[in-house]
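Coordinate inspection notes
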Amino acid sequence: MSTPEVPTPYVTATTVSDFQANISAVRERIAAAARSVDRDPAEVSLLPVSKTVSEERIRTAVAAGLTRLGENKVQEAERKATNLADLGVEWVVIGHLQRNKAKDVARFATEFQALDSLRLAETLDRRLQLEGRGLDVLVQVNTSAEPQKYGLAPEEVADFLNKLTPYQSLRVKGLMTLAEFTSDTERVRECFITLRTLRDQLRDNVPAGIELSELSMGMSGDYELAIQEGATIVRVGQAIFGPRSTPDSFYWPDSPSSS
Ligand SMILES: *Cc1c(COP(=O)(O)O)cnc(C)c1O
């Protein structure tokens with residue numbers, strides 16, 4: 001998927017009209033994928049992912065219509081949130097979070113998609129209370145059973161959700177996953193099916209105050225598959241901003257691009 005020799009289909013956007021073209025191409029593909037399985041395209045929201053993208057280029061992307069941006073790394077997200085505060089963009093943190101950075105997320109993020117431990121939930125909740133804020137959160141699930149991936153094992157999620165109820169500043173909205181990084185699309189699809197099936201199993205028995213309506217799954221290389229399997233949020237970076245030079249191994253340990 002990210003072998004350097006393979007030409008990527010992604011086009012770097014630098015002007016407002018470049019961004020408009022990339023965004024509308026992605027939106028069209030989202031709509032087509034939804035319709036291919038008789039879903040309403042309006043059920044799927046696009047979360048553009050701006051990691052590694054300069055603040056200047058983000059300004060152009062916002063001028064082209066983006067209002068919500070996903071970032072993997074907290075420090076980068078916080079810097080952008082500060083320097084681009086005038087844009088009024090909502091920032092969504094989608095990467096693994098260390099507890100010592102929970103206070104930063106509590107300050108600037110509107111959503112956090114990678115909740116994966118009770119100690120982190122506890123710390124986030126405490127910092128949010130100090131800030132007088134709430135935070136939408138998704139629980140990250142490791143659907144590929146790769147030991148190096150972040151997220152809870154599917155069988156741990158029910159118990160985890162039950163234990164989140166004391167943390168009133170966290171508004172649990174659903175589940176998030178990263179599929180296995182492989183060119184085997186059936187294997188990728190299985191990861192998405194695992195997440196959707198888990199959500200369907202748990203949905204009717206979650207504690208009061210917890211919702212499982214959102215399924216955040218699918219990235220530039222696999223969002224159409226994810227939509228066919230039920231994604232309500234797709235996290236798309238390269239197909240909107242253009243190819244990234246940073247290897248994926250910078251964002252998640254031991255992905256195939258690092259070997
Ligand atoms: C970077 C990233 C994405 C988007 O990946 P693209 O290949 O740029 O679409 C999605 N999810 C997470 C957690 C990411 O870090």
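Residues numbered from 1 in each chain as written. Predicted model: local features only at pLDDT ≥ 70, side-chain atom pairs only at ≥ 80, totals over all residues. Heavy atoms only, no water.

In plain terms, the rule: UniProt positions are given in the numbering used here, feature names are shortened, and annotations may be inferred rather than shown by experiment.
In the nomenclature of an unreviewed UniProt entry, the chain corresponds to Pyridoxal phosphate homeostasis protein from the organism Micrococcoides hystricis. Here the chain is described in UniProt, under the heading Function (unreviewed entry), as follows: "Pyridoxal 5'-phosphate (PLP)-binding protein, which is involved in PLP homeostasis."

**Quick look at the site of the ligand**
Heads up, the condition is: Residues are classed as near a molecule or strand on a simple rule: at least one heavy atom within 4 Å of it. Each polar contact in these results corresponds to two N or O atoms within 3.5 Å; when the atoms are within protein, one needs to be able to donate a hydrogen and the other to accept it, and residues that are neighboring in sequence are counted only if both atoms are side-chain atoms. Accessible surface is estimated by sampling points in the Shrake-Rupley manner with a 1.4 Å probe; for residues, cover comes only from the protein chains shown. Only Asp, Glu, Lys and Arg are considered charged, only Ala, Val, Leu, Ile, Met, Phe, Trp, Tyr, Cys and Pro nonpolar, and every remaining residue, Gly among them, polar.
Around the ligand, the structure places 13 residues, and the nearest of them are Lys 51, Asn 72, Ser 220, Gln 238 and Arg 244. Here Gly 237 contributes a backbone N or O atom positioned 2.9 Å from an oxygen atom of the ligand. Summarising the interface, the protein chains cover 99% of the accessible area of the ligand, which totals 390 Å² for the free molecule. Across the shell around the ligand, the residue classes tally to 6 nonpolar, 4 polar and 3 charged.

**Quick notes on the packing of helix α2 (residues 55-63) against helix α3 (residues 74-83)**
As a reminder, the rule being used: Axis angles are defined between N-to-C directions and span 0 to 180 degrees, where every axis is a line fitted to C-alpha atoms and, for a helix, only to the segment in contact. Only DSSP runs of H or I with at least four residues qualify as helices, and only runs of E with at least two residues qualify as strands; both kinds are numbered from the N terminus onward. Should the near helix be turned anticlockwise from the far one by less than a right angle, the crossing is termed left-handed; should it be turned clockwise, right-handed. Contacts are residue-level and defined by heavy atoms, with any inter-residue pair within 4.5 Å sufficient.
Taken N-terminus to C-terminus, the directions of α2 and α3 make an angle of 65 degrees; their axes are 11 Å apart at the nearest point. In this structure, the crossing between α2 and α3 has a hand that is right-handed. Here α2 contributes Glu 55, Ile 58 and Arg 59 to the contact with α3, which in turn contributes Arg 79, Lys 80 and Asn 83. Tallied by class, residues from the contact of α2 with α3 come to 1 nonpolar, 1 polar and 4 charged.

**Considering the UniProt feature "modified residue: N6-(pyridoxal phosphate)lysine" (unreviewed entry) in the chain**
Mapped onto the present numbering, the UniProt feature "modified residue: N6-(pyridoxal phosphate)lysine" (unreviewed entry) falls at Lys 51. Here Lys 51 lies in the loop between β1 (45-48) and α2. For Lys 51, the residues in contact, after removing those within four places along its chain, are Gly 70, Glu 71, Asn 72, Glu 76, Lys 80, Arg 244, Tyr 251 and Trp 252.

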